[in-house]
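Topology and contacts: notes
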Amino acid sequence: MLEVLDPATDKVVGRVAKATRREVDAALDAASAAQPRWAATDAATRSETVAAIAEGLRAERTPLARLITMEQGKPLTESEAEVDYAASFFEVASRESLRLGDQGLEVDGKRVRVEHRPIGPTAAITPWNFPLAMLAKKTAAAIAVGCSQVVKPAEQTPLTAVRLGEIAVAAGVPRDVLHVVTGEPEEIGEALFQDVRLRKLSFTGSTEIGRLLLTKAAARVLPLSLELGGHAPLIVFDDANLEAAVELTMIAKFRNGGQTCVAPNRILVQSGIHDRYVDALAERADRLTSGHGFDAVDLGPVIDDAAASKIQHHIDDAIEHGGRVVVGGGRRTIPGLTDRFPEPTIILDTGPEMRCWREETFGPVCPIRRFDREIEAIELANRTPYGLAGYVSTSSEDLGRRVARALDCGIVGVNDPRPAIADVPFGGVKASGFGREGGRLGLDDYLVPVTVSEVR
Ligand code: ADP
């Protein structure tokens with residue numbers, strides 16, 4: 001068995017099975033057998049089933065949110081928002097799956113049809129930062145278009161995934177169509193990759209593991225979707241509404257304690273607003289409270305000791321290279337809880353020579369840098385191997401659009417701290433991966449166009 005710990009207390013909050021190779025094979029046996037039946041089920045029934053999963057999630061909003069907080073640590077209100085966000089993916093997939101259609105044309109006296117078929121049995125490997133939502137994105141699309149799926153959640157947060165599996169079955173998904181397997185990542189990953197019946201794998205996680213999976217996929221030409229790390233820039237221009245710029249930063253940066261792949265990791269602030277922005281942000285960040293996610297706090301613990309050490313290391317490294325800490329810089333001690341509570345931290349005069357500018361910190365740290373010219377900010381913003389999210393804060397529509405176009409990333413929020421919604425595609429460019437989740441394009445990720453040409 002695999003023990004699941006509450007990251008705030010280290011108490012065991014649940015146990016899940018460590019799937020053996022044989023169990024993973026059995027899940028794939030069942031998923032492959034179920035695939036043609038599920039693909040042949042009419043679209044309206046599948047769409048209704050997927051909508052019923054959304055209803056199931058919303059009906060269990062509070063217990064599910066508690067489960068997320070218990071194994072992942074985020075504040076309960078954020079877990080509730082995660083349940084809503086996850087449900088919205090099922091709602092959108094339910095709606096969009098009814099709009100898929102074949103295309104037909106007559107060419108050279110031939111009748112040609114392009115059919116969009118479910119790709120086949122799929123697998124999903126998901127991370128711990130959004131135990132429900134990251135899985136919902138993949139499962140909603142796969143199930144809606146007629147694919148079976150074997151799911152491997154992160155070892156830190158498997159309980160929510162197991163519950164999602166149960167809710168899906170209760171909503172009418174045939175038992176063999178969706179399987180949640182928990183256990184050792186390498187072992188399960190290996191079993192999945194070696195099974196030729198698997199036709200697609202969708203992964204959300206680190207760029208490092210994404211690269212590894214890409215190598216494994218190459219050996220058998222397995223289609224992948226990869227949603228990997230990010231290193232989002234936030235550019236605050238002189239003309240920005242100060243309050244709105246600070247609010248954007250607070251939401252985008254401190255949600256989930258900074259443990260999101262879309263969190264701003266480099267904050268570029270124009271000289272004219274720099275000092276006022278820093279003062280206002282410092283005042284807000286300093287007031288953030290930390291504690292157990294059940295206790296109405298702003299920040300929960302980070303996921304584990306390695307995460308807490310990495311954050312501290314990034315802060316220390318920034319200081320060593322000339323960064324000036326104006327808020328935070330260490331950890332908070334909270335009686336009765338673990339020491340995984342990094343202080344909300346603001347560091348000025350940061351730059352590319354620092355680790356926090358090159359690697360994802362995944363913590364509540366705001367590295368700030370002053371700039372003067374627009375071109376300089378854009379050049380710095382794009383100077384990264386990553387390209388997932390980016391943010392712009394300005395009151396000029398022209399400037400916002402121009403900079404959004406210039407940013408080399410998959411999703412841009414102009415004065416919007418939450419640009420990622422279920423209705424639109426989400427995904428990265430460069431080392432942030434490929435493939436899209438959300439909206440109609442998210443369904444395409446699980447479909448293959450097949451051309452049938454008839455001569456009569
Ligand atoms: P993080 O650094 O956020 O924990 P990871 O990329 O390590 O992200 O993990 C994301 C997901 O990938 C998790 O479900 C994890 O168990 C899984 N994973 C990690 N290593 C492997 C591997 N070698 N094969 C398959 N899955 C893996």
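Definitions and cut-offs
Residues numbered from 1 in each chain as written. Predicted model: local features only at pLDDT ≥ 70, side-chain atom pairs only at ≥ 80, totals over all residues. Heavy atoms only, no water. Salt bridge = Lys/Arg side-chain N within 4 Å of Asp/Glu carboxyl O. Helix = DSSP H or I, 4+ residues; strand = E, 2+ residues; numbered from the N terminus. Buried < 20%, exposed > 50% of the residue type's maximum accessible area, 1.4 Å probe, protein only. Contact = heavy atoms within 4.5 Å. Polar contact = N/O pair within 3.5 Å; in protein donor to acceptor, adjacent residues only side chain to side chain. Domains from an automatic or database assignment. Buried area = accessible area lost by both parts, 1.4 Å probe. Core = buried A, V, L, I, M, F, W, Y, C linked by side-chain atoms within 4.5 Å. Near = heavy atom within 4 Å. Areas by Shrake-Rupley, 256 points an atom, 1.4 Å probe, with all protein chains shown as cover. 1 Å grid on protein atoms, 1.4 Å probe; cavity = no way out; pocket = protein on both sides within 12 Å on 5 of 7 lines; lining within 4 Å. Sits in = over half its atoms within 2 Å of the grid points.

The next point concerns the pattern of salt bridges. Under the defined criterion, the tally for this structure stands at 36 salt bridges. Salt-bridge contacts for Arg-95 lead to Glu-96; the nearest nitrogen and oxygen are separated by 3.5 Å. The partner of Arg-370 in a salt bridge is Asp-275, with the nearest N and O atoms 3.1 Å apart. Of the two residues, Arg-370 sits in strand β14 (residues 365-371) while Asp-275 sits in helix α10 (residues 271-286), which places them 95 residues apart along the sequence. By relative accessible area, which is 46% here, Asp-275 ends up partly exposed. One salt-bridge network, in which partners are shared between bridges, spans Arg-113, Glu-115, Arg-117, Glu-454 and Arg-456.

Attention now goes to the environment of His-314. Its location among the elements puts His-314 in helix α11 (residues 305-320). Relative accessible area serves as the criterion here: at 1%, His-314 is assigned to the buried category. In sequence terms His-314 and Pro-367 are 53 residues apart; their C-alpha atoms lie 9.9 Å from each other. Excluding anything up to four places from it in sequence, His-314 contacts Arg-355, Cys-356, Glu-359, Glu-360 and Thr-361. Polar contacts involving the side chain of His-314 include one to the side chain of Thr-361, which spans 2.9 Å.

A common way to state how big an interface is: give the accessible area lost once the parts meet. As assigned here, the protein comprises domain 1 (2-228 + 429-455) and domain 2 (232-414). Spacing between the C-alpha centres of domain 1 and domain 2 amounts to 31 Å. Facing 27 residues of domain 1, the contacting portion of domain 2 comprises 31 residues. Interface of domain 1 and domain 2: buried area, both sides summed, is about 2,400 Å²; carbon and sulfur atoms make up 56% of it. When residues of domain 1 are sorted by the area they lose upon contact with domain 2, Ala-8, Trp-128 and Lys-430 head the list and together hold 22% of the total. Where domain 1 packs against domain 2, one counts two salt bridges.

Ile-53, Leu-57, Phe-90 and Leu-132 are the most contacted members of the largest nonpolar core, which has 46 residues in total. Examining the composition of this core, we find that 10 residues originate from one element, helix α5 (residues 133-145), more than from any other. Dropping the residues within four chain positions of it, Phe-90 is found in contact with Val-50, Ile-53, Ala-54, Leu-57, Ala-136, Thr-139, Ala-140 and Leu-164. In terms of nonpolar packing, the next biggest core, distinct from the first, is built from 32 residues, Phe-254, Tyr-277, Val-278 and Leu-348 among them.

This next bit is on the site of the ligand. Around the ligand sit 17 residues, and of these Thr-126, Trp-128, Lys-152, Glu-155 and Ser-206 come closest. One of the side-chain nitrogen or oxygen atoms of Glu-155 is found 2.6 Å away from an oxygen atom of the ligand. Between the ligand and the protein, one listed contact pairs an oxygen atom with a side-chain N or O atom of Ser-206 at 2.6 Å. Computed on the free molecule, the ligand has an accessible area of 550 Å², of which 82% lies beneath the protein chains in the complex. Among the detected pockets, the ligand sits in the largest pocket. For the shell around the ligand, the secondary-structure elements that each account for two or more residues are α7 (185-194), β8 (200-204) and α8 (207-220).

Here the focus is unusual backbone geometry. Of note, Asp-108 is a non-glycine position whose phi angle comes to about 50 degrees, a positive value. Turning to its location among the elements, Asp-108 is positioned in the loop between β3 (103-107) and β4 (110-118). Judged by relative accessible area, which is 72%, Asp-108 ranks as exposed. Positive phi, normally seen in glycine, also occurs at Asn-415, with a value near 55 degrees. Within the secondary structure, Asn-415 is located in the loop between β16 (411-414) and β17 (433-434).

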